[in-house]
Amino acid sequence: MQRISINVSGIRRFCVTSLSSPSASNLTDHRMLKQVLESCKAPSNSKCVLQAHAHIFKLGYGTYPSLLVSTVAAYRRCNRSYLSRRLLLWFLSLSPGVCNTNLIIESLMKIGESSLAKKVLRNASDQNVITWNLMIGGYVRNVQYEEALKTLKNMLSFSDIKPNKFSFASSLAACARLGDLHHAKWVHSLMIDAGIELNAILSSALVDVYAKCGDIETSREVFYSVKRNDVSIWNAMITGFATHGLATEAIRVFSEMEAEHVSPDSITFLGLLTACSHCGLLEEGKVYFDIMSQRFSIQPKLEHYGAMVDLLGRAGRVKEAYELIESMPIEPDVVIWRSLLSSSRTYKNPELGEIAIQNLSKAKSGDYVLLSNIYSTTKKWESAQKVRELMTKEGIRKAKGKSWVEFGGMIHRFKAGDTSHIEIKAIYKVLEGLIQKTKSEGFVSDTDLVLMDVSEEEKEENLNYHSEKLALAYVILKSSPGTEIRIQKNIRMCSDCHNWIKAVSKLLNRVIIMRDRIRFHRFEDGLCSCKDYW
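Since the structure is predicted, the reported quantities are computational estimates derived from the model, not experimental observations.

Within the protein, the regular secondary structure consists of 27 helices and six strands. In the protein, which comprises 534 residues, the proportion classed as buried is 50%. Sequence-distant contacts, at least 24 apart, represent 64% of the contacts inside the protein between residues at least 6 apart.

Enumeration according to the criterion identifies 23 salt bridges in this entry. Note that Glu 147 is salt-bridged to Lys 118, the shortest N-O span being 3.7 Å. Placement of Glu 147 in helix H9 (residues 145-155) and of Lys 118 in helix H7 (residues 114-123) is noted, with a sequence separation of 29 residues between them. On the accessibility criterion, Glu 147 (22% relative accessible area) is partly exposed. Looking at Lys 118, the relative accessible area reads 27%, which means it is partly exposed. Across the salt bridge formed by Arg 522 and Glu 524, the nearest N and O atoms sit 3.6 Å from each other. By relative accessible area, which is 34% here, Arg 522 ends up partly exposed. Take Glu 524: its relative accessible area is 41%, and that puts it in the partly exposed class. Beyond isolated ion pairs, a larger network of salt bridges with shared partners links Glu 217, Arg 220, Glu 249, Arg 252 and Glu 256.

Below, the discussion takes up the packing of helix H5 (residues 81-93) against H7. At a closest axis distance of 10 Å, the pairing of H5 and H7 adopts a crossing angle of 30°. When the axis of H5 is compared with that of H7, the two are roughly parallel. At the point where H5 passes H7, the crossing takes the right-handed sense. From H5, Ser 84, Arg 85, Leu 88, Leu 89 and Leu 92 reach across to H7, where they touch Leu 116, Lys 119, Val 120 and Asn 123. Taken together, the residues of the contact of H5 with H7 sort by class into five nonpolar, two polar and two charged.

What follows deals with the confidence of the model for the protein. In the predicted model, the protein carries a mean pLDDT of 87, and the fraction of residues at 70 or more is 87%. Per-residue pLDDT stays below 50 along residues 1-12; that stretch engages in 15 contacts with residues further than four places along the chain or on separate chains. Predicted confidence for residues 16-28 stays below pLDDT 50, and this span has 13 contacts to residues more than four positions away or in other chains.

Rules used throughout
- Residues numbered from 1 in each chain as written.
- Predicted model: local features only at pLDDT ≥ 70, side-chain atom pairs only at ≥ 80, totals over all residues.
- Heavy atoms only, no water.
- Helix = DSSP H or I, 4+ residues; strand = E, 2+ residues; numbered from the N terminus.
- Buried < 20%, exposed > 50% of the residue type's maximum accessible area, 1.4 Å probe, protein only.
- Contact = heavy atoms within 4.5 Å.
- Salt bridge = Lys/Arg side-chain N within 4 Å of Asp/Glu carboxyl O.
- Axes fitted to C-alpha atoms, helices over the stretch in contact; angles between N-to-C directions.
- Parallel < 35°, antiparallel > 145°, perpendicular 65-115°, else oblique.
- Left-handed = near helix turned anticlockwise from the far one by under 90°.
- Nonpolar A, V, L, I, M, F, W, Y, C, P; charged D, E, K, R; others polar.
- pLDDT = per-residue confidence, 0-100.

Printed below as a string of structure tokens:
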């Protein structure tokens, strides 16, 4: 198909002339109209959208789902949301049939218009299981995991529409992203009650969701209870053990995989390398990196090199990690340079840290913070201040740490220094009490983590109200003594919070399971499953 290129002035000319000039080809006009609509991205283009919309009706394309969605989206971009809503309601009043309704929902979800897709669902006269699956899957793709689960609940209220394997696969993905064990168990029970036969997708999804929700034992139980004839199921278990820092278990599963003659793929080796990285198994990781190409003819991809750079960096071989980057046959990406930057911070190597930041063409706030942290921990306050000034000049703000917990069937979210929760006064009271008790037991804050050259007392104040501490205080406030606590965090946990939560686990005799961006930490009796290696 020939690509049609239209600039902004061309769009305007087309909009002005097309209503009066006969079309040379309906097919060409259809393509051209769609491109016109997609090119209208500002309120100043609203007249063009109106003219294009009129031309659509003139040509008889008014009920074409793809053009309808393009028109709706264009109206939204031009701040004419009321016209978007009216157009959708008009379309639904025609009783377009379930196939067209599904096409509209699918197209809206693809462009991120989930609120309009929801409006279509509410007003559609014809629905089927595909309609609901498109909504659930669309919410997952648009990172609206709680909405996905709410939609599954609403779906269950219809006696004539029952969820199927696709409904459950998307719902399990939502639970995994949230780390919501309560809802994961609920979805699993629905599957059992409905007599759903497990296929490779659902089996691997169940192994994955329990691992990502912090229940690695149930993940293991599911793994050994299902047919393991597909590599995806083995990958889910190996990756699950890797994120929990159970490298020995991951390696053992790989051995079982070989014994059952299931061929590994690139994801298998990525899981093994991650497991070795999290546990400092440097030599084992090197072996797996070599055999994937030599024995299994799987060429390492960018992510495998990234895992090796991470493995070397965590083991303190920062220079060797840099040498690997330099020798890579493919261009390193930002993830690899970020890994080198992180290990440079851990092992206080500002020279390699500077090299890493220079190669980050699109450095984010966390990258500058890491570099500033390197300077701070080596007491180079002037260099640290220059990085902070650069961040201010470039308008770069430090990414906010966020933590969340599931309690009472709801997700409760916290950010550093949060004051928005309805029970925030009681939360701070519990937190202050825990801080004082851990201090009396000998805990000392790791004030080296605070970047500013200020007093120790001020630094300690900055560390006391991180999001995971607030989340932990909330669960302690609401839960019964002795119950396990599960917390999720969007970024890597700092070492001060890590050490403090160890102290709390011993103080209260509680098991605390923490999932950050990197891995799981299981705190019990003053110790962590990562053995302080993460």
